[in-house]
Amino acid sequence: MNLQRIVVIGAGTMGSGIAQWFAQQMCYVELVDNSEAQLKKALTDIHASWDKLVEKEKLTSCQVIQMKKLLETKSLRKVSKDSDLVIEAIIENLEIKRSLFQELDQYFSSKTILASNTSSFPIGLIAEAVSVERKKRFIGLHFFNPATIMKLVEIIKATETEASLCDALYEWFDSKEKKPALSKDSPGFIVNRVARNFYGEPLRIAERDDEERMKEIDRVLKEVGGFKMGPFELMDLIGIDINYSVTCSVWEAYKQEPRFAPHKLQKQMVDEKRFGRKTKRGFYKYD
Ligand code: NAI
């Protein structure tokens, strides 16, 4: 497999990280978002991150000059129709994702691989939006936050996805020092299914919006459990809105099993627009 031309749709937390990582692999990347402001912010942030990596001597200025040339922001109508791979990283909403993929299926060449970075929806459900032929080249590629640093990429095969495509992508990511994992197509895949309890139980232990309790739970899980981040710190990083959508969709998919139930505090925070680090206020405050 030779992936050279990548389109990333959605320039938020995940899309911008995924785009940055692919440009770092010296792929040509076209980054798309329906918000012009978000697109500008993503490009500025990625450039600033690269400049920092040069300062820290992790990248050379020559490499960064080349990466900056390789990453472009565009509107969907202007991206190359014969791209090798399109990764969707927009809002976690099944209907919106499906309607985008219907459009992408028409727009891109028949050889283009279409992938979703969804955290929770079965890939087969999203793939219902595309043609029979495209279903063979439709796959889940689930990156983790921050995408430039986290090694794991879950590769999810829907019923119609060609097995050879999964194998080829596995080898490609493996050769780029990611740690790919093949996952069954089920709600939450591997990590997000297991992780529901990493968020849900601490929320039930904390019960209410009390920063001291959250700090204590985070501290215990880091010191005793050996986790790099506590559950509340991690939810703030992921985005409370995204984490809440994923919780709801996994809970619904498992027929409202109590162990996957969302906590009232999650909804309350979404209503208050306390989305975590990205809005500078989540369980904790950020300056
Ligand atoms: P985000 O809210 O930070 O970014 C979403 C972006 O998509 C926004 O910039 C928005 O303007 C754009 N957008 C929305 N609808 C669009 C459309 N129709 N066309 C083009 N752009 C559109 O969300 P985030 O956190 O980046 O999540 C994106 C996807 O990645 C979701 O499916 C989420 O479940 C998944 N994911 C999120 C992780 C996380 O830690 N935040 C981890 C792994 C996957």
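Numbering of residues starts from 1 in every chain and runs along the sequence as written. Note on the predicted model: pLDDT of at least 70 is required for a residue's local features to be given, and 80 or more for side-chain atom pairs to be given and counted; whole-chain, interface and lining totals, by contrast, use all residues. Side-chain figures throughout are based on the complete set of non-hydrogen atoms in the structure, without hydrogens or water.

Concerning helix 11 (residues 240–253)
Secondary structure is summarised from DSSP: a helix means a run of H or I of at least four residues, a strand means a run of E of at least two, and numbering begins at the N terminus for each. How far a helix is expected to stretch is found by multiplying one less than its residue total by 1.5 Å. A rise of 1.5 Å per residue sets the reference length of helix 11, with its 14 residues, at 20 Å; its end C-alpha atoms lie 20 Å apart and thus fit the reference within 8%. Any two residues having at least one pair of non-hydrogen atoms within 4.5 Å are treated as being in contact. At its buried positions, helix 11 is contacted by helix 8 (191–206), helix 10 (231–238) and helix 12 (264–271). Positive backbone phi, at 50 degrees, marks Lys255, one or two positions downstream of helix 11.

Some words on the site of the ligand
Of all residues adjacent to the ligand, which total 22 residues, the nearest are Met14, Asp33, Glu92, Lys97 and Ser119. The term polar contact refers here to a pair of N or O atoms within 3.5 Å; inside protein, the definition further demands a hydrogen-donor-capable atom paired with an acceptor-capable atom, and it admits residues adjacent in sequence only when both atoms are side-chain atoms. Here an oxygen atom of the ligand sits 3.0 Å away from a polar atom, N or O, in the main chain of Thr13. Taking Lys97, its side chain carries an N or O atom lying 2.8 Å from an oxygen atom of the ligand. Going through the elements one at a time, helix 1 (13–24) and strand 6 (138–143) are the ones with two or more residues in the shell around the ligand. Amino acids outside the nonpolar list (Ala, Val, Leu, Ile, Met, Phe, Trp, Tyr, Cys, Pro) and the charged list (Asp, Glu, Lys, Arg) are all regarded as polar, and Gly is one of them. The residue makeup of the shell around the ligand, split by class, is 8 nonpolar, 10 polar and 4 charged. The cutoff for a nearby residue is simple: one of its non-hydrogen atoms must lie within 4 Å of the molecule or strand.

A closer look at the sheet that holds strand 5 (residues 113–116)
The mixed open sheet is built from 8 strands, whose spatial order is 3-2-1-4-5-6-7-8. Looking at which strands have only one partner, the edges of the open sheet turn out to be strand 3 (71–74) and strand 8 (179–183). If you compare each strand with its neighbour and ignore which way they point, the axes differ by 25 degrees on average. Here strand 5 pairs with strand 6 via 3 bridges, running parallel. By the bridge assignment for strand 6, Leu114 is matched with Phe138. Only strands that DSSP links by at least two bridges are regarded as paired with each other. Structural elements are reduced to axes, namely lines fitted to C-alpha atoms, with helices fitted over the stretch in contact, and the angle between N-to-C directions of any two is expressed from 0 to 180 degrees.

A short note on unusual backbone geometry
In this structure, the amide linkage connecting Asn145 to the following residue, Pro146, adopts the cis form with an omega of -5 degrees. Mapped onto the fold, Pro146 is located in the loop between strand 6 and strand 7 (152–157).

Observations regarding the side chain of Asn117
Counting through the fold element by element, Asn117 comes out in the loop between strand 5 and helix 5 (123–127). At 2.8 Å, the side chain of Asn117 and the backbone nitrogen of Phe143 are in polar contact. Ignoring sequence-local partners within four residues, the contact set of Asn117 consists of Met14, Ile18, Ile87, Glu88, Ala89, Leu141, His142 and Phe143.

Description of the domain arrangement of the chain
Per the annotation, domain bounds derive from an automatic or database assignment of domains. Parsing the chain into structural domains produces domain 1 (5–183) and domain 2 (191–277). Once you take the C-alpha centre of each, domain 1 and domain 2 turn out to be 26 Å apart. Taken together, the 9 residues of domain 1 in the interface contact 8 residues of domain 2. Two parts placed together each lose some accessible area; with a 1.4 Å probe, that loss summed over both constitutes the buried area. Buried area between domain 1 and domain 2, summed over both chains or domains, comes out near 740 Å², and the portion from carbon and sulfur atoms is 61%. The salt bridge definition used is simple: a Lys or Arg side-chain nitrogen within 4 Å of an Asp or Glu carboxyl oxygen. On inspection of domain 1 and its partner domain 2, the count reaches 0 salt bridges. Across the domain 1-domain 2 interface, the total number found is 4 residue pairs in polar contact (both at pLDDT 80 or more). The residue inventory of the side of domain 1 that touches domain 2, partitioned by class, reads 3 nonpolar, 4 polar and 2 charged.

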